[in-house]
Amino acid sequence: MKIAIIGAGYGGMAAAYDLKKAGHDVTIFESADYVGGLASGFKEPHWNWSVEKFYHHWFQSDSEMLGLIRELGLEDKVRFPRPLTVMLYKNKWYPFDSIFKMALFPGLGWGINKIRFGFVGLFLRLTNNWRALEKVTADEWMMRYAGKQVYEQMWKPLLIGKFGPYYKDVNMAWMWARIKARTTRLGTFEGGFQKFADLFAEKLREQRVEIRLGARVESIKQEQAGLSVRSDGKSESFDKVLVTSSPNLMAKLCPDLPENYLKGLLELKSMGAVVMTLALKQPLSKDGYYWFNVPKDEGYPFLALVEHTNFVPKENFGGDHIVYAGDYLELGHEYFSMSDDELLERFIPAFQKFNPEFSRDWVKKIWVSKTNYAQPVPLVNHSENIPEIQTPIKGLYFASMSQVYPWDRGTNFAVEIGRKAARMMK
Ligand SMILES: Cc1cc2nc3c(=O)[nH]c(=O)nc-3n(C[C@H](O)[C@H](O)[C@H](O)COP(=O)(O)OP(=O)(O)OC[C@H]3O[C@@H](n4cnc5c(N)ncnc54)[C@H](O)[C@@H]3O)c2cc1C
């Protein structure tokens, strides 16, 4: 079969790998001039490693991702350092990177709240019944079972940070999946995520997968036999097509999809993201912390501050200290239209809260990455509203972050859904 894949993110590349191995003729169309999609990165000439445009790491539980890396023979390049994650309470940062340290977090108070935190955590780790949990919002469930103090200190900031105005609408299965599937050890690839994506693309090319970079697909149309893909003003016929873009884009690319499938795509909600990466002359955290969970109601202008060089040594970046400041935001938020310098001016007073000595002249360079589609929002009974991977148009398949469920989206699940789509196409 002649197969087209739209998108050279982790999902598209994983699907291409399996389809090619099964003997099909595979072409990937990628609008960007690089592979890796949302997990791609960039590099300054004096850096040995790239940094991700949007901060990324793997969990030890990312079995699909780590399994694929093993299949590609690249497992010796995976690193699991032990960075420090912290949470704010009364203007002080407390360790937050193991269940034990979370239990000691003073924001929980003592006595009954600690016990409720422990029982809720244990229950969520043990249960597999996410279908019951998706019928209720995380806000309602946590208030009822974890109690007001535990919820407001531990879980509500996470929900608000990720989902902003939708935080009360997110279902409890999402929260369950976060707690169930994530380990506290965090991993990365030697050279950065872009290095992995480039090595993966190299293997695909060796297998004779054609990867067309800078090839934006404009439309996909049904033909008498097969599908026609239009890119750069030219149309080409394929037996099957897999799209890995956002649901909105899928709806635009294929307006011939039946009305109820299109409606389902357009009704899915998601958040965008804006992430600033800074190269600094000095470290920001005096204590060597990696990940600061920043509660939005404390007035910080971002959700997470991540000092990447407390995870990956600064020597890989020519001695630069790399810091990310990022947030998940609804479309139309002012950060999407602010210039990089305006955003930096907004963030500088907050950087001084992390280190009072921080000053503007520590900043060597900044980069700001923005995406409209960063985090799907799973509402109550989301499983009933997920578009099928096999669309009603014969030969046309769709695999996006919005169909990853009940797990929270991530490169691990992009690989999983890409491979699942490939199995269905085969
Ligand atoms: C802020 C942030 C932090 C994250 N942190 C982590 C993390 O720590 N760990 C983790 O595992 N995951 C993380 N993720 C999630 C992870 O990046 C995604 O789940 C994963 O990269 C999705 O892969 P994908 O292939 O499904 O989609 P994408 O990576 O979005 O790939 C789709 C591709 O399609 C291309 N495309 C779109 N339209 C067209 C068109 N018309 N024609 C041709 N090509 C097109 C795009 O350019 C893109 O390359 C994070 C994401 C964000 C935004």
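Before reading on, note that the structure itself is shown above.
Anyway, here's the lowdown on the structure attached to this text. These numbers were taken from a predicted model, which means no experiment stands behind them. (Residues numbered from 1 in each chain as written. Predicted model: local features only at pLDDT ≥ 70, side-chain atom pairs only at ≥ 80, totals over all residues. Heavy atoms only, no water.)

## A short note on the overall build of the protein chain
In terms of helices and strands, the protein chain carries 13 helices and 20 strands. Principal-axis analysis of the C-alpha atoms gives the protein chain an extent of 65 × 50 × 40 Å. Accessible area for the protein chain stands at about 18500 Å²; split by element, carbon and sulfur atoms hold 50% of it. Of the side chains in the protein chain, 55 bear a positive and 49 a negative charge, and the two mean positions are spaced by 4 Å. (Helix = DSSP H or I, 4+ residues; strand = E, 2+ residues; numbered from the N terminus. Areas by Shrake-Rupley, 256 points an atom, 1.4 Å probe, with all protein chains shown as cover. Lys, Arg positive; Asp, Glu negative; His and termini not counted. Charge placed at Lys NZ, Arg CZ, Asp CG, Glu CD.)

## Quick notes on empty space enclosed by the protein
Enumeration over the complete set of coordinates arrives at 1 cavity of 30 Å³ or more. Lining the largest cavity are 14 residues, and of these Trp174, Pro376, Pro378, Val404 and Trp407 lie nearest its centre. Looking at which element gives the most residues to the lining of the largest cavity, the answer is strand β19 (residues 363–377), with 3 residues. Its residues placed into classes, the lining of the largest cavity shows 9 nonpolar, 3 polar and 2 charged. (1 Å grid on protein atoms, 1.4 Å probe; cavity = no way out; pocket = protein on both sides within 12 Å on 5 of 7 lines; lining within 4 Å. Points joined across faces, edges and corners; volume = space filled by probe spheres on them. Nonpolar A, V, L, I, M, F, W, Y, C, P; charged D, E, K, R; others polar.)

## What to know about the environment of Asp361
With respect to the secondary-structure elements, Asp361 resides in the loop between α12 (340–354) and β19. Each C-alpha atom of the pair Asp361 and Leu280 lies 8.7 Å from the other, and the pair is 81 residues apart in sequence. In terms of polar contacts, Asp361 uses its side chain to reach the side chain of Ser359, at 2.5 Å. (Polar contact = N/O pair within 3.5 Å; in protein donor to acceptor, adjacent residues only side chain to side chain.)

## Considering the packing of aromatic side chains
In total, this model carries 39 aromatic pairs according to the counting rule given. Look at Phe29 and Phe238: their rings are 5.9 Å apart centre to centre, the planes differ by 80°, and that puts the pair in the edge-to-face class. Pair noted here: Phe29 is in strand β2 (residues 25–29) and Phe238 is in strand β13 (residues 234–238), with a separation of 209 residues, a long-range link. Each member of the pair, Phe29 as well as Phe238, is classed as buried. Taken together, the aromatic side chains of Trp93, Tyr289, Phe292, Tyr300, Phe302, Tyr335, Phe347, Phe351, Phe354, Phe358 and Trp362 make up a single cluster linked through ring pairs. The ring of Phe238 has Lys2 lying over it, and the distance from NZ or CZ to the ring centre is 4.6 Å. (Phe/Tyr/Trp six-rings, centres within 6.5 Å; stacked < 30°, edge-to-face > 60°. Buried < 20%, exposed > 50% of the residue type's maximum accessible area, 1.4 Å probe, protein only. Lys NZ or Arg CZ within 6 Å of the ring centre and 35° of its normal.)

## Structural notes on the pattern of salt bridges
This structure, assessed with the given rule, holds 19 salt bridges. Put simply, Glu236 and Lys2 hold a salt bridge, and the shortest N to O gap is 3.7 Å. Here Lys2 lies in strand β1 (residues 2–6) and Glu236 lies in strand β13, a separation of 234 residues in the sequence. You can call Lys2 partly exposed: its relative accessible area is 28%. A salt bridge links Arg360 to Glu345; its shortest N-O distance comes to 3.4 Å. In this pair, Arg360 is assigned in the loop between α12 and β19 and Glu345 in helix α12, connecting sequence segments 15 residues apart. (Salt bridge = Lys/Arg side-chain N within 4 Å of Asp/Glu carboxyl O.)

## Some words on the layout of surface pockets
Vacant regions in the atomic arrangement are exposed by a probe of water-molecule size rolled over the atoms. Considered as a void within the structure, the second largest pocket measures approximately 350 Å³ in volume. Those elements that provide at least two residues to the lining of the second largest pocket are α5 (130–133) and α13 (411–425). No other element matches α13, which puts 6 residues into the lining of the second largest pocket. When its residues are assigned to classes, the lining of the second largest pocket shows 11 nonpolar, 2 polar and 5 charged.

## Side note on the nonpolar core
One finds Leu124, Met142, Met154, Trp155, Leu159, Met172 and Met175 to be the most contacted residues of the largest nonpolar core, which totals 58 residues. Residue contacts for Met172: discarding those within four places in its chain leaves Leu124, Leu133, Val136, Thr137, Ala138, Trp141 and Met142. Of all hydrophobic cores here, the second largest spans 44 residues; its members include Ala39, Leu68, Ala422 and Met425. (Core = buried A, V, L, I, M, F, W, Y, C linked by side-chain atoms within 4.5 Å. Contact = heavy atoms within 4.5 Å.)

## Comments concerning the site of the ligand
Near the ligand, the surroundings consist of 28 residues, among which Glu30, Leu38, His56, His57 and Thr411 are the closest. Contact distances for the ligand include 2.6 Å between an oxygen atom and a side-chain N or O atom of Glu30. Between the ligand and the protein, one listed contact pairs an oxygen atom with a side-chain N or O atom of Thr411 at 2.6 Å. In the complex, the protein chains occlude 91% of the 1000 Å² of accessible area that the ligand would expose alone. Put simply, the parts of the chain that give the shell around the ligand at least two residues each are α1 (10–21) and α13. Grouping the constituent residues of the shell around the ligand by class yields 14 nonpolar, 11 polar and 3 charged. (Near = heavy atom within 4 Å.)

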